[in-house]
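A structural walkthrough
So the chains spell out like this:
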Amino acid sequence: MTKKLIFVFTILLVVAFVAMAADITGKWVAEQPGRNGGPARQITFDLKADGATLTGTMTGGMGGGPRRGGVAAVPRALAISDGKVDGNNISFTVKVEFNGNTMVSKYEGTLSGDELKLKVNREGRNGATTSELTAKRSTT
């Protein structure tokens, strides 16, 4: 009887950890340092996990909206694509189009509680760049 109870308890723990690991669905907010020491830009990720598939949008950051008089207008939401969830690891791609050019940013990250650490890889005119961001779960 004790062995069965331990087995059932172990299975319940595994199920609980799997359920917690996939808790990426929600609103996440990060700050991206400004260009050349300029003011930081806020980035919002609205993410939804459905099994191993991740969908959602990114608002703000580079390419987040048109500029008027040097000031960003209302940011536009950019769809994420190729989104995947694998335990606490996620990945997705964001494409931004402007002036006939397409910039692709690839995000890879790890979820730990209410913190999402992301590594961002993008190609630019001067070659590939990598940066890191930390997004926190939004309560609003």
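Residues numbered from 1 in each chain as written. Predicted model: local features only at pLDDT ≥ 70, side-chain atom pairs only at ≥ 80, totals over all residues. Heavy atoms only, no water.

As a further point, take the nonpolar core. In this structure, Ile24, Phe45, Leu54, Phe92, Tyr107 and Leu116 are the most contacted members of the largest nonpolar core, which totals 23 residues. Mapped onto this core, the elements with two or more residues apiece are strand E1 (26-32), strand E2 (41-50), strand E3 (53-60), strand E6 (77-86), strand E7 (89-98), strand E8 (101-112), strand E9 (115-124) and strand E10 (127-137). Not counting chain neighbours up to four residues away, the residues in contact with Leu54 comprise Ile24, Leu47, Lys48, Ala49, Ile80, Gly83, Lys84, Val85, Ile90, Ser91 and Phe92. (Core = buried A, V, L, I, M, F, W, Y, C linked by side-chain atoms within 4.5 Å. Buried < 20%, exposed > 50% of the residue type's maximum accessible area, 1.4 Å probe, protein only. Helix = DSSP H or I, 4+ residues; strand = E, 2+ residues; numbered from the N terminus. Contact = heavy atoms within 4.5 Å.)

Looking at the element boundaries, Ser105 is found in strand E8. What Ser105 contacts, discounting residues up to four positions off in sequence, is Phe92, Thr93, Val94, Val120, Asn121 and Arg122.

It is worth spelling out the environment of Arg137 at this point. Note that Arg137 resides in strand E10. With relative accessibility at 23%, the residue Arg137 sits in the partly exposed group. The sequence separation of Arg137 and Lys27 amounts to 110 residues, and the corresponding C-alpha distance is 6.0 Å. With near-sequence residues (within four places) excluded, Arg137 lies in contact with Asp23, Thr25, Lys27, Trp28, Gly113 and Asp114. At 2.6 Å, the side chain of Arg137 forms a polar contact with the backbone oxygen of Asp23. (Polar contact = N/O pair within 3.5 Å; in protein donor to acceptor, adjacent residues only side chain to side chain.)

Time to look at the packing of aromatic side chains. Going through the model one piece at a time under the given rule, you end up with three aromatic pairs. Aromatic pair Phe45 and Tyr107: ring centres 5.7 Å apart, planes at 75°, arrangement edge-to-face. Of this pair, Phe45 sits in strand E2 while Tyr107 sits in strand E8, and the two are 62 residues apart along the sequence. Accessibility assignment for this pair places Phe45 and Tyr107 in one class, buried. (Phe/Tyr/Trp six-rings, centres within 6.5 Å; stacked < 30°, edge-to-face > 60°.)

Secondary-structure assignment places Thr59 in strand E3. Thr59 sits 17 residues away from Gln42 along the chain, and the two C-alpha atoms are 8.4 Å apart. In this view, Thr59 contacts Gln42, Ile43, Thr44, Pro75, Arg76 and Ala77; residues no more than four positions away in its chain are not counted.

This paragraph deals with unusual backbone geometry. Of note in this structure, Asp82 is not a glycine but carries a positive phi near 55°. Looking at the secondary structure, you find Asp82 in strand E6.

Okay, the pairing of E2 next. Bridge analysis of E1 against E2 gives seven bridges, and the strand direction is antiparallel. Bridge pairing links Gly26 to Leu47 in E2. As paired elements, E2 and E3 share eight bridges and run antiparallel to each other. The residue bridging Ile43 from the neighbouring strand is Gly60, located in E3. Counted between consecutive antiparallel strands, the loop separating E2 from E3 contains two residues, among which Gly51 sits at a positive phi close to 70°. (Pairing = 2+ DSSP bridges.)

Bear in mind that shape data such as this cannot, by itself, settle questions of function.
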